[in-house]
Amino acid sequence: VQLQAYGGGLVQAGGSLRLSCAASGRPFSQYGMGWFRQAPGKERELIGAITWGGGSTFYADAVKGRFTISRENAKSTVYLQMNSLKPEDTAVYYCAAKVGRSSIGTLKTLNYDHWGQGTLVTVSS
């Protein structure tokens, strides 16, 4: 599968952005999806995940209550709605796909099969 993330940009603190990740290849419903981010000088971290049908989601503590993951299998797209953005949210954001109808527990790991190219989000103070 090929993944294309887009929607990043520059936003002021307190603002919102919605990232999208479009997939092509195998039927999208065959994948669990995750969103990751990597800030300068830091390791890549998982910030959220969603199961193949959208029935379960996971959020890292740093974004819980501010970010929301959703998906539209008919459009082969997963979204990351980011609200109340903070300067520390500045990072390159990546979407990733894990083959198979994994549980949310499995999607909490870093072990994904396919990665998008990343989109930069910059939050100014």
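Rules used throughout
Residues numbered from 1 in each chain as written. Predicted model: local features only at pLDDT ≥ 70, side-chain atom pairs only at ≥ 80, totals over all residues. Heavy atoms only, no water. Salt bridge = Lys/Arg side-chain N within 4 Å of Asp/Glu carboxyl O. Buried < 20%, exposed > 50% of the residue type's maximum accessible area, 1.4 Å probe, protein only. Helix = DSSP H or I, 4+ residues; strand = E, 2+ residues; numbered from the N terminus. Pairing = 2+ DSSP bridges. Axes fitted to C-alpha atoms, helices over the stretch in contact; angles between N-to-C directions. Phe/Tyr/Trp six-rings, centres within 6.5 Å; stacked < 30°, edge-to-face > 60°. Lys NZ or Arg CZ within 6 Å of the ring centre and 35° of its normal.

**Observations concerning the pattern of salt bridges**
Under the criterion given, the structure shown has five salt bridges. Residues Arg 37 and Glu 45 are paired through a salt bridge, measuring 2.7 Å at the closest nitrogen-oxygen approach. Overall, the relative accessible area of 6% leaves Arg 37 in the buried class. By relative accessible area, which is 34% here, Glu 45 ends up partly exposed. Close ionic contact of Arg 66 with Asp 89 constitutes a salt bridge, the shortest N to O distance being 2.7 Å. Remark: Asp 89 occurs in the loop between strand 8 (77-82) and strand 9 (91-99) and Arg 66 occurs in the loop between strand 6 (57-59) and strand 7 (67-72); sequence separation between them is 23 residues. Asp 89 matches Arg 66 in its accessibility class, with the two residues each being buried. Ionic contacts of the salt-bridge type, sharing partners, join the residues Arg 37, Glu 45, Arg 66 and Asp 89 into one network.

**A few points about the sheet that holds strand 7**
The antiparallel open sheet is built from four strands, whose spatial order is 1-3-8-7. Strands at the two margins of the open sheet, each flanked by one partner only, are strand 1 (2-6) and strand 7. Strand-to-strand twist across the sheet, computed as the mean angle between neighbouring axes with direction ignored, equals 15 degrees. As paired strands, strand 1 and strand 3 (residues 17-24) are joined by five bridges and run antiparallel to one another. Each residue of the ladder has a partner; that of Gln 4, found in strand 3, is Ala 22.

**Quick look at the pairing of strand 3**
The two faces of the sheet receive side chains in turn, since in a regular strand these alternate between them. Relative to strand 8, strand 3 runs antiparallel, the two sharing six bridges. Counterpart to Ala 22 in the pairing with strand 8 is Thr 77.

**Quick notes on the packing of aromatic side chains**
Tallied over the entire structure, the rule returns three aromatic pairs. These aromatic residues form a ring-pair network of at least three members: Phe 36, Tyr 112 and Trp 115. When the ring centre of Phe 28 is taken as reference, the NZ or CZ atom of Arg 71 above it lies at 4.3 Å.

Honestly, it's all geometry; don't read function into it.
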